[in-house]
Amino acid sequence: QVQLVESGGGLVQAGGSLRLSCLANGGTANFNALGWFRQAPGKEREFVAAIDWSGEHTKYGDSVKGRFAISRDSAKNTVYLQMNSLKLEDTDVYYCAASHYASIPSGVNGYEYWGQGTQVTVSS
């Protein structure tokens, strides 16, 4: 069983930066990739970024390409999401998720484990 714990959310002004962290407890043998999704009330969960546990492959959603960067520290069992040039529309609850698939999924159905989410609010 994998438990995911997100941290690092908060309030930031437009144009600013935040770094989210996701600590994976329960053993890295249970998953091959970790990803970030986000969701606003009444909307579908949106793919943001994902990375395989080797760190060799990453994938990004179109809305964050060039602004967000995902990385992992295998020694700490932690994945990071560096968010730069934040926009008002980046305001959402951000969720960390883990997948056992060898290829990095971008759909919610590709992930078996989910964290509880961390709120990111971008103000003008």
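None of the values given here were measured: they were computed from a predicted structure.

Caption draft 1: Spatial organisation of the overall build of the protein chain. Secondary structure assignment for the protein chain yields 0 helices and 11 strands. Element order for the protein chain, N to C, with α for helix and β for strand: β-β-β-β-β-β-β-β-β-β-β. The C-alpha radius of gyration computed for the protein chain amounts to 13 Å, which stays within 12% of the reference 14 Å derived for 124 residues, consistent with globular compactness. Judged by the C-alpha coordinates and their principal axes, the protein chain covers about 40 × 30 × 25 Å. For the protein chain, the residues scored as buried account for 41% of the 124 residues in total. Sequence-distant contacts, at least 24 apart, represent 57% of the contacts inside the protein chain between residues at least 6 apart. When the accessible surface of the protein chain is split by element, carbon and sulfur atoms take 45% of a total near 6200 Å².

Caption draft 2: Representation of the environment of G9 within the structure. As for its placement among the helices and strands, G9 is situated in the loop between β1 (3–7) and β2 (10–13). Sequence separation between G9 and Y94 is 85 residues, and the spatial gap between their C-alpha atoms is 8.1 Å.

Rules of the game
- Counting starts from 1 at the beginning of each chain's written sequence and moves along it residue by residue.
- Only residues with pLDDT of at least 70 get local features here, since the model is predicted, and only at 80 or more are side-chain atom pairs given and counted; chain-wide, interface and lining totals rely on the full set of residues.
- As a convention, hydrogens and water are excluded, and side-chain values are obtained from all of the structure's heavy atoms.
- Helix and strand assignments follow DSSP, with helices taken as H or I runs no shorter than four residues and strands as E runs no shorter than two, numbered in order from the N terminus.
- In this treatment the radius of gyration is a C-alpha quantity, and the globule benchmark scales as 2.2 Å times the residue count to the 0.38 power.
- Each residue gets one of three labels from its accessible area relative to the maximum for its type: buried under 20%, exposed over 50%, partly exposed in between, using a 1.4 Å probe on protein chains only.
- Any two residues whose heavy atoms approach within 4.5 Å are treated as being in contact.
- Note on areas: Shrake-Rupley with a 1.4 Å probe; residue coverage comes only from the protein chains shown.

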